Amino acid sequence: MTNPSPAPEPAAAAETSESAAPGDRQVPGARRAGEPRRPTLRSDLRASWPDGLVALVITAAVFVLLYLRIRNKTSSTVTVMPFMADAGGFWMYFLSQAFGWSALLWAWGTVILGLLLSGPRPSRLPLSGPRLERLHRTTSLNTIALIAAHALLFAAELVRHDTAAWNSAVATAFVEAFVPGGYDSGTGQIAIPVGQAALYLAIPLGLLFYVRHRIGPKTWRVLHRCVIVVYVLSVWHTLLYGTNVWYDGWFRTGVWLLQLPIAALLLLRLLRPARRSEKLPGRPGASAGARTGWVLRLGGRLVVAAVLVALVAVVASGRDGGRSVPPEDTSSTHNHD
């Protein structure tokens, strides 16, 4: 998952350069001497293993934490779904949850990196610009993999506990896990399609970087900005359906708290864009198109500012949309997240 609008990379700049020495014969797709190599999906996949290894370690740690909390009956998941108190019987489901949490964490980091690269950067960063750009791309690839693992393990858990024939169980699990509207139980009727939308948008939008020289940099930038929607959908899916953040409390408030730096960086990115064409002039132009563009740019800045204020209010008040914890003797509604 990548940032809303990253700054052009050296390789991308080289691709758009049309200057050449007199008499040079240009071969389509050829790279000029001294020109940086264009990052490819294969090269970034090879470079993504350290980041991916860290993601797996984090996932394993989250899984152990979830497992122990379930076994000790201190997790809100047991309150939401008492039948899951059997930690060993539902270990695959808890592993799916662990991948979901690491996917959200990696998506958060990817968006933060993208906003740092595309907006005003701090004077001192631990890595150089090109290394940050590569890290941004590798975390994007690993985010897609983590989301996919989360969904596949959820489907595998459905198959594992289905008493029907294996082919019927696989078909049912596929529909429920990957077909919008296929999961028709409780909150999942909304939450599951939201998560599916995040997955199905993350894959093409995250991979468009590697074909941007074919679709054109302007088209790529426009589509790439839609990636923020993937992150919003991921957070929405988590808050709506994550049994670990089902109820009011510090854990759910912590998820809201993590959105503050993203909203702040996005607002800074809009207020101080790197491209002159994206700056908001003091007055709208005379033409109807110029006035419409000015209104849209101003509206976008006001919306993000309002979101930032709302996030501060949510964190400060603790009213984050969570459910009230039921009395211990009250049975909870069974559900999946």
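Up top is the structure.
Below, the structure is looked at part by part. All figures in this text were calculated on a predicted structure; none of them were measured in a lab.

### Description of the overall build of the protein
Stage number 1. Looking only at helices and strands, the protein has 14 helices and 0 strands in total.
Stage number 2. Tracing the protein from N to C terminus, the helices and strands come up as α-α-α-α-α-α-α-α-α-α-α-α-α-α.
Stage number 3. With 337 residues in all, the protein has 44% of them scored as buried.
Stage number 4. Within the protein, contacts between residues at least 6 apart in sequence are counted, and of these 74% link residues at least 24 apart.
Stage number 5. Surface summary for the protein: the accessible area is close to 18,100 Å², and the carbon and sulfur share equals 65%.

### Notes on the packing of aromatic side chains
Each aromatic ring pair is specified by the distance between its two centres and by the angle formed by the two planes.
Stage number 1. One pass over the full model with this rule turns up 10 aromatic pairs.
Stage number 2. With a centroid separation of 5.9 Å and an interplanar angle of 45°, the aromatic rings of Phe63 and Tyr67 are classed as tilted. Taken together, the positions of Phe63 and Tyr67, both in helix α3 (residues 49–71) and 4 residues apart, correspond to about one turn of that helix.
Stage number 3. Judged by relative accessible area, which is 25%, Tyr67 ranks as partly exposed.
Stage number 4. On the numbers, 5.9 Å between centres and 70° between planes, the contact of Tyr93 with Phe94 is edge-to-face.
Stage number 5. For Phe94, a relative accessible area of 0% puts it in the buried group.
Stage number 6. Taken together, the ring pairs connect Trp101, Trp250 and Phe251 into an aromatic cluster.
Stage number 7. In this structure, Arg212 packs its charged tip against the face of Phe209, placed 4.0 Å from the ring centre.

### Let's talk about the layout of surface pockets
Stage number 1. Looking at the second largest pocket, its volume works out to about 600 Å³.
Stage number 2. Lining the second largest pocket are 26 residues, and of these Arg69, Trp101, Asn244, Trp250 and Phe251 sit closest to its centre.
Stage number 3. Those elements that place two or more of their residues in the lining of the second largest pocket are α3, α4 (76–80), α5 (91–118) and α12 (250–257).

### Focus: helix α8 (residues 188–207)
Stage number 1. For α8, built from 20 residues, the straight-helix expectation of 28 Å at 1.5 Å per residue is met to within 8% by its first-to-last C-alpha distance of 28 Å.
Stage number 2. The set of residues buried in α8 consists of Gly188, Ala191, Ile192, Val194, Gly195, Gln196, Ala198, Leu199, Ala202, Leu205 and Gly206.
Stage number 3. On the buried face of α8, the contacting elements are α6 (129–160), α7 (166–178), α10 (217–224) and α11 (227–241).

### A word on the nonpolar core
Stage number 1. Core analysis: the biggest nonpolar cluster contains 36 residues, and Tyr93, Phe94 and Phe154 have the highest contact counts within it.
Stage number 2. Listed by contribution, the elements that provide at least two residues to this core are α3, α4, α5, α6, α7 and α8.
Stage number 3. Counting residues in each nonpolar core, the second largest holds 21 residues, with Leu115, Leu116, Leu239 and Leu266 among its members.

### Concerning unusual backbone geometry
Stage number 1. Of note in this structure, Lys73 is not a glycine but carries a positive phi near 60°.
Stage number 2. For Lys73, the location among the structural elements is in the loop between α3 and α4.
Stage number 3. By relative accessible area, Lys73 is classed as exposed at 56%.

### Remarks on empty space enclosed by the protein
Stage number 1. In total, this model carries 2 cavities of 30 Å³ or more according to the counting rule given.
Stage number 2. The computed volume of the largest cavity comes to approximately 440 Å³.
Stage number 3. Taken together, 26 residues form the lining of the largest cavity, with Gly100, His150, Gly195, His237 and Thr238 sitting closest to its centre.
Stage number 4. Residue composition of the lining of the largest cavity, by class: 14 nonpolar, 11 polar and 1 charged.

Procedures and definitions
Residues numbered from 1 in each chain as written. Predicted model: local features only at pLDDT ≥ 70, side-chain atom pairs only at ≥ 80, totals over all residues. Heavy atoms only, no water. Helix = DSSP H or I, 4+ residues; strand = E, 2+ residues; numbered from the N terminus. Buried < 20%, exposed > 50% of the residue type's maximum accessible area, 1.4 Å probe, protein only. Contact = heavy atoms within 4.5 Å. Areas by Shrake-Rupley, 256 points an atom, 1.4 Å probe, with all protein chains shown as cover. Phe/Tyr/Trp six-rings, centres within 6.5 Å; stacked < 30°, edge-to-face > 60°. Lys NZ or Arg CZ within 6 Å of the ring centre and 35° of its normal. 1 Å grid on protein atoms, 1.4 Å probe; cavity = no way out; pocket = protein on both sides within 12 Å on 5 of 7 lines; lining within 4 Å. Points joined across faces, edges and corners; volume = space filled by probe spheres on them. Expected span 1.5 Å × (residues − 1). Core = buried A, V, L, I, M, F, W, Y, C linked by side-chain atoms within 4.5 Å. Nonpolar A, V, L, I, M, F, W, Y, C, P; charged D, E, K, R; others polar.

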